[in-house]
Amino acid sequence: MAAEHVEVLVLGAGIAGCALAHHLCERGVGPVAVFDPETPGAGATGRAAGIVTEQLWDPWDVEVTRYSKTEYARLAARWNPAAYRANGFARWTRDPAAARVLTDTADRLRAWGVPVAPLDAEELAHKVPWGRYDGLLGANWCPNDGVVAPSAIGEIYAESARVAGAEFLLGRPLGSFARTETGWALESGARRVIAPTAVVAAGAWSKRLLASVGHPVPLAPYRTQAAILRPSSPSGGDFPSVHDLDVDVYVRPEEAGRILAGDGTQLVEVDPTRFPTGGDDAFVEHLAATFADRFPGWADAELVRAWAGVCGSTPDRHPLVGPVPEATGLYTITGFNGFGVMRAGGAAERLAAAIASNQGTAEMERLRPVDPRRFRGPPPTFAPRPGFTLEGGDAPRF
Ligand SMILES: Cc1cc2nc3c(=O)[nH]c(=O)nc-3n(C[C@H](O)[C@H](O)[C@H](O)COP(=O)(O)OP(=O)(O)OC[C@H]3O[C@@H](n4cnc5c(N)ncnc54)[C@H](O)[C@@H]3O)c2cc1C
């Protein structure tokens, strides 16, 4: 079979792989080929809630997500205005310990330039009249946060890359992927593609793919769930995303007056090739109980559908973006710990710069907190523990 030679081979056409292809093409790196055994959006991207928030961990995260958000807003305005909306994001608690953490978080976020403000029960009730706020002890509000349609943003990136010359090889199983004398070689159906540089952007499937070429990284795929519900009186679609920290349920507006609710995250490793793709009864019951108790205005909402997707967790809950340890010409962009939609654009831009500069010092510095080479040796076994972290660094989760 004749081999086709490209400059960069991207494995995975989720939002991360498509954003990377876009940014490589923008920098004039090419030809680029993107391979996915399914179609763009078949992985976590097509199942995500699409909340984009700057209420994050550290300045790196904030900068990267702010970059993504600005880029999503610009691309959506040009190609698909429904794909991005700045609706703000409020998170609150009735728990005294969590309230103290919220206050500390707000101070820290403001020091990083994130416009977080406290809200009282009256202000919260005005923004989200479906909730009950007696006993409220703390609430943080960020007016610049937004929501995206993750698949639509992925498609815009893919289309932009295609127009710039990237080729997408989709919908056929992976035959083989291996390092050869001439570079990284991928076979799928009748195609054989060879590149000096390959990037594994295969979401939860990255663990197996990287291990298969002898370069395992610490990743734990886990399952997380969301649902769409139809309230009896339509929400109007114009309210902020909300997160009740005490019950760990978030809700965002959906089109046609519906709402999207989640966080049915399960803290156990799963096999991404075999996991239940529907929502569990326990998750749906937790949502129903939460609505009855905390959001009486949505208590009679009808379930439209519930589903699950798989994400990848890392031991320190930071992503893996950069060169794969001990591997020539192999990079990865994965391990987003459930925050990959909001980070993809910014992380892909930084990785594209690192590849284009052949790992220039300044470009690698911009990836330092997420460089996969921070983990050396055989990957440890660990339990996934992602989530909407409030704390900085690696402190306990609320
Ligand atoms: C219910 C739910 C809610 C979420 N909510 C949010 C949210 O509000 N905000 C947020 O930022 N994030 C959210 N996430 C997380 C987010 O979806 C992911 O972090 C993000 O989509 C990861 O993108 P990705 O491109 O890395 O991976 P994926 O989108 O999973 O893409 C990986 C791709 O790799 C392909 N692949 C598989 N095997 C191979 C192979 N052998 N070779 C090549 N390709 C392969 C798959 O087919 C898939 O298309 C949520 C996730 C879920 C499931």
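Residues numbered from 1 in each chain as written. Predicted model: local features only at pLDDT ≥ 70, side-chain atom pairs only at ≥ 80, totals over all residues.

1. Quick notes on the environment of Val 247
Phase 1 of the analysis: If you trace the backbone, Val 247 turns up in the loop between β16 (241-244) and β17 (249-253).
Phase 2 of the analysis: The spacing of Val 247 and Ile 51 is 196 residues in sequence and 18 Å in space, taken between C-alpha atoms.
Phase 3 of the analysis: If sequence neighbours within four positions are ignored, Val 247 has contacts with Thr 290 and Arg 294. (Helix = DSSP H or I, 4+ residues; strand = E, 2+ residues; numbered from the N terminus. Contact = placed C-beta atoms within 7 Å.)

2. Points about unusual backbone geometry
Phase 1 of the analysis: Omega for the bond connecting Gly 30 with Pro 31 falls within 30 degrees of zero, at 0 degrees, which places this linkage in the cis form.
Phase 2 of the analysis: For Pro 31, the location among the structural elements is in the loop between α1 (15-26) and β3 (32-36).
Phase 3 of the analysis: Backbone geometry places Asn 358, a non-glycine residue, at a positive phi of 55 degrees.
Phase 4 of the analysis: Note that Asn 358 resides in the loop between α8 (340-356) and α9 (361-365).

3. Overview of the site of the ligand
Phase 1 of the analysis: Not every one of the 42 residues close to the ligand is listed here, only the nearest: Gly 14, Gly 43, Gly 203, Gly 309 and Gly 340.
Phase 2 of the analysis: Mapped by element, the contributors of at least two residues to the shell around the ligand are α1, β3, β15 (220-230), β19 (302-313) and α8.
Phase 3 of the analysis: Here the residues of the shell around the ligand sort into 25 nonpolar, 14 polar and 3 charged. (Near = placed C-beta within 6 Å. Nonpolar A, V, L, I, M, F, W, Y, C, P; charged D, E, K, R; others polar.)

4. Quick notes on the domain arrangement of the protein
Phase 1 of the analysis: For the protein, the assigned domains read domain 1 (3-46 + 150-218 + 315-374) and domain 2 (88-146 + 220-313).
Phase 2 of the analysis: For domain 1 and domain 2, the distance between their C-alpha centres works out to 31 Å.
Phase 3 of the analysis: Across the contact, 13 residues belong to domain 1 and 9 residues belong to domain 2.
Phase 4 of the analysis: Class assignment of the residues belonging to the side of domain 1 that touches domain 2 gives a composition of 4 nonpolar, 7 polar and 2 charged. (Domains from an automatic or database assignment.)

5. Overview of the nonpolar core
Phase 1 of the analysis: Residues Leu 9, Leu 20, Ala 21, Val 32 and Leu 351 are the most contacted members of the largest nonpolar core, which totals 110 residues.
Phase 2 of the analysis: Counting residues per element, this core draws most heavily on α8, which supplies 9 residues.
Phase 3 of the analysis: Shared between two domains, this core takes at least three residues from each, and those domains are domain 1 (3-46 + 150-218 + 315-374) and domain 2 (88-146 + 220-313).
Phase 4 of the analysis: Contact partners of Leu 9, with chain neighbours within four places excluded, come to Ala 33, Phe 35, Trp 184, Leu 186, Val 193, Ala 195 and Ala 198. (Core = buried A, V, L, I, M, F, W, Y, C linked by C-beta atoms within 7 Å. Buried ≥ 20, exposed ≤ 12 C-beta atoms within 10 Å, placed from the backbone.)

6. A word on the pairing of strand β18 (residues 259-262)
Phase 1 of the analysis: Of the two faces of β18, the one carrying Ile 259 and Ala 261 and the one carrying Leu 260 and Gly 262 are both buried.
Phase 2 of the analysis: Pairing of β15 with β18, which is carried by 4 bridges, proceeds in the antiparallel orientation. Residue Leu 229 lies in a different strand from β18, and its bridge partner there is Ile 259.
Phase 3 of the analysis: By the bridge criterion, 4 bridges tie β17 to β18 in an arrangement that is antiparallel. Opposite Pro 253, over in β18, you have Ile 259 as the bridge partner. (Pairing = 2+ DSSP bridges.)

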